[in-house]
Amino acid sequence: MTSADVLVECHDAARTFGRGPAAVVAVHGATCQVRAGDRIGVVGPSGSGKSTLLHLLAGLERPSGGRVSWPALGTGTGGSVPPHRIGVVFQGPSLIPALDVVENTALPLVLAGVREGEAQRRARRALQELGIADLALRLPEELSGGQAQRVAVARVLAQAPRLVLADEPTGQLDRATARHVIDVLLSAVDVIGAALVVTTHDRAVADRLAVRREMHEGRLLDPHGTQGARP
Ligand code: ADP
Ligand code: MG
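Residues numbered from 1 in each chain as written. Chains lettered and ligands numbered in written order. Predicted model: local features only at pLDDT ≥ 70, side-chain atom pairs only at ≥ 80, totals over all residues. Heavy atoms only, no water.

**Student:** Help me get a handle on the site of ligand 1, residues and values and all.
**Tutor:** Looking at ligand 1, the residues that line it are Phe17, Val24, Ala26, Pro45, Ser46, Gly47, Ser48, Gly49, Lys50, Ser51 and Thr52. Interatomic distance of 3.1 Å between a backbone N/O atom of Ser48 and an oxygen atom of ligand 1. Contact distances for ligand 1 include 3.1 Å between an oxygen atom and a backbone N or O atom of Gly49. Relative to its free-state accessible area of 560 Å², ligand 1 is covered by the protein chains to the extent of 58%. Among the elements of the structure, strand S2 (24–35) and helix H1 (50–58) are those that each provide at least two residues to the shell around ligand 1. Examining the composition of the shell around ligand 1, we find that three residues originate from one element, H1, more than from any other. In the shell around ligand 1, the residues fall into four nonpolar, six polar and one charged. (Near = heavy atom within 4 Å. Polar contact = N/O pair within 3.5 Å; in protein donor to acceptor, adjacent residues only side chain to side chain. Areas by Shrake-Rupley, 256 points an atom, 1.4 Å probe, with all protein chains shown as cover. Helix = DSSP H or I, 4+ residues; strand = E, 2+ residues; numbered from the N terminus. Nonpolar A, V, L, I, M, F, W, Y, C, P; charged D, E, K, R; others polar.)

Rendered as structure tokens:
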């Protein structure tokens, strides 16, 4: 493996919100790498910094200390990462209420400059791969929580990113539906050949991923449960 296989790497990356006595350190210096083919679960209780870490890995949030880089993804001007190379499944509802399922699924492609017809074709294929082609014309309000999360996964699959970051994708779902959404996510990343990072507070979900990292009070622990050694 060379650095060309490293999709995202953070080195002592930290994120603090606010200033002075009110400052909250959401993530203390976190060091990690995600390589092609990785399946990583980040597990920790609510407030431990999982979403903030995921947003740092996605380039949606800038570190207040340390570095985040995307060696294999080709960083754009100003060190920003091209958004279509990373697909994010956000915590909670993320579909646009006024758009139907196929339009929601196609939206990131349209925003990335793909022609409408081609975007819709790719969106329909992604819905088919997830077994939800029959939902194509529904509005988000006509979907169950599990169906909406599957559409959010289809939206990522249609973009065919190299890295998929899913933030508590099963947080609001019952156990059986959660299991199904994880199945769908795992087979989706297999189909597009993407690496996957899933955050969760649910150990049963984390146990589905090959590698698990724990977060505790803003600290990313190493795979053995002690604070990560600095390289
Ligand atoms: P988790 O996803 O594990 O629940 P978060 O990353 O959402 O954890 O939050 C970690 C800590 O950072 C919490 O104390 C939270 O209140 C704080 N935090 C997160 N985002 C913000 C923000 N935009 N502004 C201020 N504090 C924030
Ligand atoms: Mg969170």
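**Student:** Break down the coordination of the magnesium ion (ligand 2) for me, citing the residues and quoting the values.
**Tutor:** Ser51 (OG) and Gln91 (OE1) make up the full set of protein donors to the magnesium ion (ligand 2), lying at 2.0 to 2.5 Å. Separated by 40 residues along the polypeptide, Ser51 in helix H1 and Gln91 in the loop between strand S5 (86–89) and helix H2 (101–111) bring together distant segments of the chain. Judged by its relative accessible area of 39%, Gln91 falls in the partly exposed class. (Donors = N, O, S within 2.8 Å, 3.2 Å for Na, K, Ca; no water. Buried < 20%, exposed > 50% of the residue type's maximum accessible area, 1.4 Å probe, protein only.)

**Student:** Break down the pairing of strand S1 (residues 6–17) for me, with residues and values.
**Tutor:** As paired elements, S1 and S2 share eight bridges and run antiparallel to each other. Paired with Val8 across the two strands is Val34, which belongs to S2. With antiparallel pairing between neighbouring strands as the criterion, S1 and S2 make up a hairpin whose turn holds six residues, including Gly18 at a positive phi of roughly 75 degrees. Both S1 and strand S4 (residues 65–69) contribute to a ladder of four bridges, which runs antiparallel. The residue of S4 that forms the bridge with Cys10 is Val68. (Pairing = 2+ DSSP bridges.)

**Student:** A description of empty space enclosed by the protein should follow, citing residues and the corresponding values.
**Tutor:** Gaps left between atoms show up when a probe the size of a water molecule is rolled over them. For the structure on display, the rule yields one cavity of 30 Å³ or more. In this structure, the largest cavity occupies an estimated 30 Å³ of space. If you trace the largest cavity, you find it lined by Val153, Val156, Leu157, Val164, Leu185, Ala188, Val189 and Ile192. Those elements that provide at least two residues to the lining of the largest cavity are helix H4 (145–159) and helix H5 (175–192). (1 Å grid on protein atoms, 1.4 Å probe; cavity = no way out; pocket = protein on both sides within 12 Å on 5 of 7 lines; lining within 4 Å. Points joined across faces, edges and corners; volume = space filled by probe spheres on them.)

Function-wise, these values are silent; they only describe arrangement.
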